[in-house]
Amino acid sequence: MAGSPRRTAGRRLQLPLLCLLLQGATAILFAVFVRYNHETDAALWHWHNHSNADNEFYFRYPSFQDVHTMIFVGFGFLMVFLQRYGFSSVGFTFLSAAFALQWSTLVQGFFHSFHRGHIHAQNLPETLFPHPQKRRGDTFLPTGEELSMINADFCAGAVLISFGAILGKTGPAQLLLMALLEVVLFGLNEFVLLSLLRVKDAGGSMTIHAFGAYFGLVLSRVLYRPQLEKSKHRQGSVYHSDLFAMIGTIFLWIFWPSFNSAPTTLGDGQHRSALNTYYSLTASTLSTFALSALVGRDGRLDMVHIQNAALAGGVVVGTSAEMMLTPFGALVAGFLAGTVSTLGYKFFTPTLESKLKVQDTCGVHNLHGMPGVLGALLGVLVAGLATHEAYGDGLESVFPLLAKGQRSATSQAMHQLFGLFVTLIFASVGGSLGGLLLRLPFLDAPPDSQCYEDQVYWEVPREHEDLAQGPLRAEELETRA
Amino acid sequence: MAGSPRRTAGRRLQLPLLCLLLQGATAILFAVFVRYNHETDAALWHWHNHSNADNEFYFRYPSFQDVHTMIFVGFGFLMVFLQRYGFSSVGFTFLSAAFALQWSTLVQGFFHSFHRGHIHAQNLPETLFPHPQKRRGDTFLPTGEELSMINADFCAGAVLISFGAILGKTGPAQLLLMALLEVVLFGLNEFVLLSLLRVKDAGGSMTIHAFGAYFGLVLSRVLYRPQLEKSKHRQGSVYHSDLFAMIGTIFLWIFWPSFNSAPTTLGDGQHRSALNTYYSLTASTLSTFALSALVGRDGRLDMVHIQNAALAGGVVVGTSAEMMLTPFGALVAGFLAGTVSTLGYKFFTPTLESKLKVQDTCGVHNLHGMPGVLGALLGVLVAGLATHEAYGDGLESVFPLLAKGQRSATSQAMHQLFGLFVTLIFASVGGSLGGLLLRLPFLDAPPDSQCYEDQVYWEVPREHEDLAQGPLRAEELETRA
Amino acid sequence: MAGSPRRTAGRRLQLPLLCLLLQGATAILFAVFVRYNHETDAALWHWHNHSNADNEFYFRYPSFQDVHTMIFVGFGFLMVFLQRYGFSSVGFTFLSAAFALQWSTLVQGFFHSFHRGHIHAQNLPETLFPHPQKRRGDTFLPTGEELSMINADFCAGAVLISFGAILGKTGPAQLLLMALLEVVLFGLNEFVLLSLLRVKDAGGSMTIHAFGAYFGLVLSRVLYRPQLEKSKHRQGSVYHSDLFAMIGTIFLWIFWPSFNSAPTTLGDGQHRSALNTYYSLTASTLSTFALSALVGRDGRLDMVHIQNAALAGGVVVGTSAEMMLTPFGALVAGFLAGTVSTLGYKFFTPTLESKLKVQDTCGVHNLHGMPGVLGALLGVLVAGLATHEAYGDGLESVFPLLAKGQRSATSQAMHQLFGLFVTLIFASVGGSLGGLLLRLPFLDAPPDSQCYEDQVYWEVPREHEDLAQGPLRAEELETRA
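What counts and what doesn't
Residues numbered from 1 in each chain as written. Chains lettered and ligands numbered in written order. Predicted model: local features only at pLDDT ≥ 70, side-chain atom pairs only at ≥ 80, totals over all residues. Heavy atoms only, no water. Helix = DSSP H or I, 4+ residues; strand = E, 2+ residues; numbered from the N terminus. Contact = heavy atoms within 4.5 Å. Areas by Shrake-Rupley, 256 points an atom, 1.4 Å probe, with all protein chains shown as cover. Buried area = accessible area lost by both parts, 1.4 Å probe. Salt bridge = Lys/Arg side-chain N within 4 Å of Asp/Glu carboxyl O. Polar contact = N/O pair within 3.5 Å; in protein donor to acceptor, adjacent residues only side chain to side chain. Nonpolar A, V, L, I, M, F, W, Y, C, P; charged D, E, K, R; others polar. Buried < 20%, exposed > 50% of the residue type's maximum accessible area, 1.4 Å probe, protein only. Axes fitted to C-alpha atoms, helices over the stretch in contact; angles between N-to-C directions. Parallel < 35°, antiparallel > 145°, perpendicular 65-115°, else oblique. Left-handed = near helix turned anticlockwise from the far one by under 90°. Least-squares fit on C-alpha atoms with pLDDT ≥ 70 in both. Patch = residues over 30% accessible without salt bridge, like charges linked within 9 Å, V, L, I, M, F, W, Y side chains within 5 Å. 1 Å grid on protein atoms, 1.4 Å probe; cavity = no way out; pocket = protein on both sides within 12 Å on 5 of 7 lines; lining within 4 Å. Points joined across faces, edges and corners; volume = space filled by probe spheres on them. Phe/Tyr/Trp six-rings, centres within 6.5 Å; stacked < 30°, edge-to-face > 60°.

Undergrad: Help me understand the overall build of chain A in this model?
TA: Each helix and strand counted, chain A has 20 helices and zero strands in total. Considering only intrachain contacts with a sequence separation of at least 6, the fraction spanning at least 24 residues in chain A is 82%. When the accessible surface of chain A is split by element, carbon and sulfur atoms take 64% of a total near 13700 Å².

The structure is reproduced here in structure tokens:
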């Protein structure tokens, strides 16, 4: 079989051994540390005489399932656009996200236990009932509740965003190592923002999107491949791979309202977050189509823009969707995000590679990087405008420190801004460390001429192998004949 | 590049300018008119001391997400069946539905505010608690509640049904103009039926399916292209495009119970609507397979029938699913709908084009038109049979005017019938107006020889372009060689 | 058209007549026996003065929709991996599952009425309120509640598992007859386990997975085709058919937590089941990737393993997910299941065909058979370890007989083990009967040379027909030219 790289026996064992090692380690840590909480433990739940309808399951599970769909179907298929990297795109998404779910359960559990001295929910009867203020960043359990499942999926989302920047250029063992590192830094950054700085970021414009994007971009910079044009002919899509990618796009688009509302306060908080995200996404869709046609050859639309930039409206309200953004504000935010993102794909991505040596396969800088930063700044603005009048008694839920008089709106805004700064630092340092880790010479990376190619890691059905040297073109067949 | 149409600079700008204009207009209208309601406004929600669990979010959001999936995944992929119109099918669905969501939020808001003199929910403390009678057609808010999101998706559904009739023969700017007009007429028709005639139509057999279908069919008649056979070779499917279309079919099928139950009364109403739809769909599936094999060459099944007619069971109980239809009634209705729809595809669609000059690309007459009318008539029948005995105290929820003694069952049935008549009028007049609008000579429509072809509006990956003159056939390759 | 089999007029009518006959029969039985229950009947629901929020719809419907997605999208697309059997895979899944939903509504209704002497919910006002103990196996209604919809989908799942074993080797009329028989035996087996033996099996490791797998495997043995290698060239996948199959895999994987938790007790039971399944699946994913690379040529991953074995984690906790399995236990169980399943695909499936003459198209023995038996044994273990201390007052919900002192934990474990034994007996006898039924000579089965081929039963678009004799290979084109 032409084009298949010879790999040494040692490299052949990297993926299996790493999977087994990581799974063994997390299993031991689960045995030692992870327990059901009062929502999932039979004895604890029935200890107090409350209604089954109060179980947080009924308030969060539908949103969780939507988020879960986004991570595995949405991200997985969005990256299938490459003509012969579909198995890897959806398969490595599957593998690295599955590991990230386990690992972030532990990491987030530790971070959120640590700051309250390892208190276990079991000893806190006063938390047995759903409480309006209960939210992301206030959990203190190693596991066991809906929120831990949602948060683990969120963390996996950040890992997959970084994956998008290096798609096609790394092997599965490298991706698992990246996840190992990134999950820890994600947890640390999130802890600093949500628990120490008391910053609001329900849908993760900062903690998920900006963090994941800049982590991946810096990592991609460290892994820069000057000879990557050897694989250039595989970097495009084919007709049906673009349609598979649209499956990812549409599932991300429709469930993004659930993503931004999943961890907010119950009641009006979840409802408002979903509504704002819904409108923001419609606006980013319109602006993406407008800009794509405007900058396209003969006014033609570009599938890359539609697949990606139309989603920027979800990213940009990640911080502010639970605030009193207003539907009008959501439209404006989404419109700007779609515009910036589309223009980024057209004009900025080429520069990023030629000038800054950052090879960003999926353009995560355009979909998650810039819209994430914009979203953080929008959060600064909307938090700075918060008033008792606008939020009424709901201020307690959205900005508890403002409600208690411990912070002014301006101070909250400054904390939000500082949160963005912290995130960018964590992402950059983390991405650099990650790049150094992934450059370890014994790790099994594809050669420059075999990037974006499934055959390096997968058994590929026959008809596709024949095409390994380039796309099947009628001319070629003529020539051969 | 052979086969690509030269378009003037003016035409190139049509889509971008129209997107920007429409987005600008809706944004301004949102700024002036759209406010959070008591379910989504932080201050209003916390004004009264009620439980977060009472927020309608928890009763409607899972259904909303299913409906949202149907609109964007279901309709989008159902139309991907054409061999080289996949980008346009899913892309223009995405664009026109995104615009329709914004625009119908405004239109429906205005219609439902108008008849109560612009009352805002904020002034109605008595509506702060979920109320059994609260439902589609009784909302009076420009935005802000689950129902407005569901209703906007319903309206987008009607637009996409009309799109199905003209699929492949119109450009995106034309589609946006069609949506602009159709959303207004949809809102007006719905207002007349639900608010003035007090007709029941939860799942929209009349307001969505019949309206959307006949609007699109009349519009397609006005846009009749006698030379369309120039694009005949692109009007079929290929193997994998049919599989993509089945993604659309299956997602529509599984979530249709949510579609018909999303806006009904809470409690037994939603539960009964979902159950009836579930059974109706199983029956239309069985009858579609039976009829497709019966009329097929050598007893072979036809994918077009399976992809479409199997869904007719959802359309036909759109009016009656929330009534006491009985599970048996649901089976009979679904069976009839699948039969009529399959026979329509086989025998009626060809006639429709040859005799009535209606070119119906997706056969919406068979899936939405006839089953929609059947569904309306079934609603007449089931409403006419309503008794106090059968509904008990639940009569108040389903037929409030009957419960209050203001109408007899026969009178309700007559109103239902009149509602169908009104719908057909609105659809026909609207479709005619729409056709005239879309025939404006400066609008960018594809030439007869370039219908059903993505390349007119999209950058298409290389390997597909080579095939632009016809499907790649082994014979052809032989010949060329 | 070369390769298309001539079929007699009689065979042509088999599918239509069988569909019409079965639909007619179930419709009549629905008319006689099926009524709305207190959750769906307008009069019954409003008879007592309870809140609409209490309707079980709000506690089960989101889970139901996830299960529904798994059955039709998950199973349907998982089987699309064959290169030219995609229409049949997704189409016959659609048909046989739609019939199974109707038929199992009747069968399960009868079984669960029988043991309480045809009591109808309408006469039981004390059940008008959701009750913690209400669950799968305690329903006694012919229809009308969420549970009946979920249970009907579960039964359809078992039918589809059996379908997987004979995929490509049977016609649609044969599949309907198989469903006719299997649904009855499924209902009987479930009744014996859940209602007589009082065995726990919420996610159906025994009743769904082991039953469906061994039913299908024995049936496939009876239908053994010694000349099947005539269709060998069609038994593999192509690149895009593998991607379609991954749609099925991923939707099964993400919604499996809903599958195992859908019918459990409300509150902690549902929450715990979902959580355990979530972690088990992550572990089976990691072990599948590890083992697939370990046993693969040059360390390459095999799509068949990823598509299937990664799901074994859902199967293996089907019995124990609602018990106090612990998150650690879930990880270990999932890990083992993924390992056993992957090794089964690699080493056991070939033996199964060569030695035992069982041709298992989809490898259901590896995904449902062995993991199902493992899951049953895990249930024996976890039930045997149940203590009052671990479950507290929750013991009443999970193991009511233990709570009441009518059984010891060891006795419950023995009952669980006996349940597995009963299931294997029912499946084997049922599969044998099914095989004899499907071998009736007048039934329309594909010839050995036309297995795994859509053209036998479907109109297939032109470009695919040309390829009917084998996959299109560049060499072939060269030769022809």
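There is more to say, and it comes next.
Undergrad: Explanation requested: the interface of chain C and chain A in the structure shown.
TA: Many descriptions give the size of an interface as the accessible area lost when the pieces come together. With 73 residues of chain C at the interface, the matching set in chain A holds 83 residues. Buried area between chain C and chain A, summed over both chains or domains, comes out near 6800 Å², and the portion from carbon and sulfur atoms is 70%. Linking chain C to chain A there are one salt bridge. Run the count over chain C and chain A and you get 26 residue pairs in polar contact (both at pLDDT 80 or more). At the level of elements, α4 (57-78), α9 (239-261), α10 (268-295), α11 (303-308), α13 (327-356), α15 (388-391) and α20 (474-480) of chain C are the ones that each hand at least two residues to the side of chain C that touches chain A. The leading source of residues in the side of chain C that touches chain A is α10(C), at 18 residues. When the residues that make up the side of chain C that touches chain A are grouped by side-chain class, the tally is 44 nonpolar, 17 polar and 12 charged.

Undergrad: What exactly am I supposed to notice about the pattern of salt bridges here?
TA: A pair can form between side chains of opposite charge whenever their charged atoms are brought close. Residue and element names in this part refer to chain A. Evaluated as defined, the whole model comprises 24 salt bridges over all chains. Here Arg60 makes a salt bridge to Glu56, at a shortest N to O gap of 3.0 Å. For the residue pair Arg60 and Glu56, the accessibility class agrees, reading buried in each case. A network of salt bridges, in which partner residues are shared, links Arg84, Arg234 and Glu453.

Undergrad: I would appreciate a short explanation of the packing of helix α9 (residues 268-295) of chain B against helix α2 (residues 14-33) of chain C in the present structure.
TA: Between α9(B) and α2(C), the least distance of the axes is 8 Å, while the angle of their chain directions is 155°. Here α9(B) is positioned roughly antiparallel relative to α2(C), judged by the angle of their axes. Both α9(B) and α2(C) take part in a crossing whose hand is left-handed. Residues Tyr279(B), Thr282(B), Ala283(B), Leu286(B), Phe289(B), Ala290(B), Ala293(B) and Leu294(B) of α9(B) form the contact with α2(C), whose participating residues are Leu15(C), Pro16(C), Cys19(C), Leu20(C), Gln23(C) and Phe30(C).

Undergrad: Would you mind going over the relation of the copies chain C and chain A with me for this structure?
TA: What relates the two chain copies is a rotation about an axis together with a slide along it. Superposition record for chain C on chain A: RMSD 0.0 Å, screw rotation 120°, translation along axis 0.0 Å. Considering both components of the superposition, the chain copies are consistent with a three-fold axis. Here only 11% of the interface residues in chain C have copies in chain A that are interface residues too; the copies meet through unlike faces.

Undergrad: Honestly, a nonpolar patch on the surface in this entry has me stumped. Any pointers?
TA: Residue and element names in this part refer to chain A. A cluster of nonpolar side chains, namely Phe418, Phe421, Ile425, Val429, Leu433 and Leu436, defines an oily patch on the protein surface of about 580 Å² accessible area. With respect to the element layout, Leu433 can be found in helix α18 (residues 409-438). For Leu433, a relative accessible area of 44% gives the class partly exposed.

Undergrad: Explain the side chain of Ser241(B) here, please?
TA: Mapped onto the elements, Ser241(B) comes out in helix α8 (residues 239-261). Among the residues examined, Ser241(B) registers a relative accessible area of 1% and is labelled buried. Here Phe81(B) takes part through its backbone oxygen, which lies 2.7 Å from a polar atom of the side chain of Ser241(B). Residues in contact with Ser241(B), not counting those within four places in the same chain, are His240(A), Val80(B), Phe81(B), Leu82(B) and Gln83(B).

Undergrad: Looking at this structure, how should I read the relation of the copies chain B and chain C?
TA: Once chain B is rotated about the relating axis by 120° and shifted along it by 0.0 Å, it coincides with chain C to within an RMSD of 0.0 Å. When you check the interface residues of chain B against chain C, a mere 12% turn up at the interface there too, and the two sides of the contact use different surfaces.

Undergrad: Please clarify how the environment of Val67(A) should be interpreted in this entry.
TA: Residue and element names in this part refer to chain A. For Val67, the location among the structural elements is in helix α4 (residues 57-78). Sequence-wise, Val67 and Pro257 are 190 residues apart; in three dimensions their C-alpha atoms are separated by 9.4 Å. Look past the residues within four positions of Val67 in its chain and what remains in contact with it is Asp153, Phe154, Ser258, Phe259 and Ala262.

Undergrad: Hey, could you run me through the interface of chain B and chain C in this one?
TA: Contact residues are listed per partner, giving 74 residues for chain B and 83 residues for chain C. In this assembly, chain B and chain C are joined by one salt bridge. Across the pair Arg297(B) and Glu459(C) runs a salt bridge whose closest N-O atoms are separated by 3.1 Å. Taken together, the links from chain B to chain C amount to 25 residue pairs in polar contact (both at pLDDT 80 or more). Elements represented by at least two residues in the side of chain B that touches chain C include exactly α3 (57-78), α8, α9, α10 (303-308), α12 (327-354), α14 (388-391) and α19 (474-480) of chain B. If one sorts the elements of the side of chain B that touches chain C by residue count, α9(B) sits on top with 18 residues. Its residues placed into classes, the side of chain B that touches chain C shows 45 nonpolar, 17 polar and 12 charged.

Undergrad: What is the right way to look at empty space enclosed by the protein in this model?
TA: Summary: where empty space remains is shown by rolling a probe the size of a single water molecule over the atoms. Approximately 220 Å³ is the volume attributed to the second largest cavity. Around the second largest cavity sit 20 residues that line it, and Asp66(A), Phe255(A), Asp66(B), Asp66(C) and Phe255(C) are the ones nearest its centre.

Undergrad: Quick question: what am I supposed to make of unusual backbone geometry here?
TA: Where the residue is not glycine, phi is negative for most of them; where a peptide bond is considered, it is trans in most cases. All names here are of chain B. The backbone of Arg198 shows a phi angle near 55°, a positive value even though the residue is not glycine. Considering the arrangement of structural elements, one finds Arg198 in the loop between α6 (172-196) and α7 (205-222). One non-glycine residue, Lys357, lies in the positive phi region at around 60°. Inspection of the secondary structure assignment puts Lys357 in the loop between α12 and α13 (364-384).

Undergrad: What should I look at first to understand the side chain of Gln83(B) in this one?
TA: Residues and elements named next belong to chain B. For Gln83, the position within the fold is in the loop between α3 and α4 (86-114). Note on Gln83: relative accessible area 9%, which makes it buried. Reaching out from Gln83, the side chain makes a polar contact with the backbone oxygen of His233 at a distance of 3.3 Å.

Undergrad: Can you walk me through the packing of helix α9 (residues 239-261) of chain A against helix α10 (residues 268-295) of chain A in this structure?
TA: When two helices pack together, their arrangement is given by the angle between the helix axes and the distance between those axes. Residue and element names in this part refer to chain A. Across the interface, α9 lies against α10 with an axial gap of 8 Å and an inter-helix angle of 145°. Handedness of the α9/α10 crossing: right-handed. Judged by residue contacts, Trp253, Trp256, Pro257, Asn260 and Ser261 of α9 engage Gln270, Ser273, Ala274, Thr277, Tyr278, Leu281, Thr282 and Thr285 from α10. Residues belonging to the contact of α9 with α10 are distributed by class as follows: six nonpolar, seven polar and no charged.

Undergrad: I keep staring at the packing of aromatic side chains and nothing clicks. Help me out?
TA: To describe a pair of aromatic rings, you give the distance between the ring centres and the angle between the ring planes. According to the stated counting rule, one finds 84 aromatic pairs over all chains in the structure shown. Between the aromatic rings of Tyr239(A) and Phe87(B), the centroid separation amounts to 4.6 Å while the plane-to-plane angle is 20°, which identifies the pairing as stacked. Pair noted here: Tyr239(A) is in helix α9 and Phe87(B) is in helix α4, and the two residues belong to different chains. Both residues of the pair, Tyr239(A) and Phe87(B), belong to the buried class. Members of the aromatic cluster, joined through ring pairs, are Phe72(A), Phe87(A), Phe92(A), Phe94(A), Tyr457(A), Trp458(A), Tyr239(C), Trp253(C) and Phe289(C).

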